[in-house]
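Architecture at a glance
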Amino acid sequence: VQGHRQRPGVPGISYEVDGLYAAVAKATTLRMVLALAASNKWKMYQLDICSAYLHGELNEEIYVQPPPGRHNDSSKCLRLFRSLYGLRQAAAQWQSTYVNVMRQENWVQSQADPCLFTRFDGDKVAFQVLYVDDITLTGNYASYLTALKGKLKTSFNTKDLGKLSHFVGMSV
């Protein structure tokens, strides 16, 4: 998809330039979660969402030209129902989809960093940091983390990378 060629104002297409932004975890947030895990001797886990942008659901109608060799009729176009890599709003749609799944699972999104999610229940606590399609999990209540891994596996194509060793170019 050639997102750089997307243009507003095509009849029948609602194209908003708002909603193109997707946050990434702040370095201070990641350091804070790493420090909490180290000081409390919590295990840290790492997940990868395979082809994350393909999970984003579009809020507007988007049409694309068929790929070369697919159709020869230049009057034909294809309507997208899901986000694709290269779309301007792909990152924002993926993040919106992820946030909705987390809310359904009672995870709370931080107001200070939209890529930090927490879950508290008395003295039980769990944290997750989302960096595009990479997730770091930690906390003192293993069942929260296990339940989250299961939910992510059923909602998205997820690869469990085991214990955290590297994250965003950092050795842990």
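Here, the structure is the one placed above.
Now for a look at the structure at hand. (Residues numbered from 1 in each chain as written. Predicted model: local features only at pLDDT ≥ 70, side-chain atom pairs only at ≥ 80, totals over all residues. Heavy atoms only, no water.)

We now examine the sheet that holds strand 1 (residues 44-49). Across the sheet, which stays open at both edges, the six strands sit in the order 4-5-6-7-1-8 with antiparallel pairing between neighbours. Two strands close off the open sheet at either side, each with one partner strand: strand 4 (108-109) and strand 8 (158-163). By the bridge criterion, four bridges tie strand 1 to strand 8 in an arrangement that is antiparallel. Looking at the pairing, I49 lines up with T158 of strand 8. Packed onto the sheet, helix 1 (residues 27-40) meets strand 1, strand 5 (116-121), strand 6 (124-131) and strand 7 (134-139) and runs at close to 145 degrees relative to strand 6. Most of the contacts of helix 2 (residues 90-104) go to strand 6, to which it runs at about 170 degrees, and overall it touches strand 1, strand 4, strand 5, strand 6 and strand 7. (Pairing = 2+ DSSP bridges. Helix = DSSP H or I, 4+ residues; strand = E, 2+ residues; numbered from the N terminus. Contact = heavy atoms within 4.5 Å. Axes fitted to C-alpha atoms, helices over the stretch in contact; angles between N-to-C directions.)

Before going further, it helps to examine the packing of helix 2 against helix 3 (residues 142-155). At their nearest, the axes of helix 2 and helix 3 sit 11 Å apart, and the two run at 135 degrees to each other. Regarding the angle of helix 2 to helix 3, the classification is oblique. Crossing geometry of helix 2 relative to helix 3 is assigned as right-handed. Residues Y98, V101, M102 and Q104 of helix 2 lie in contact with helix 3, whose contacting residues are L148, K151, L152 and S155. Residues of the contact of helix 2 with helix 3, tallied by class, amount to five nonpolar, two polar and one charged. (Parallel < 35°, antiparallel > 145°, perpendicular 65-115°, else oblique. Left-handed = near helix turned anticlockwise from the far one by under 90°. Nonpolar A, V, L, I, M, F, W, Y, C, P; charged D, E, K, R; others polar.)

This part is about unusual backbone geometry. Of note, the phi angle at K41 is positive, near 60 degrees, even though the residue is not glycine. Of note, K41 is situated in the loop between helix 1 and strand 1. Residue K41 is classed as exposed on the basis of its relative accessible area of 74%. (Buried < 20%, exposed > 50% of the residue type's maximum accessible area, 1.4 Å probe, protein only.)

Geometry only, nothing functional implied.
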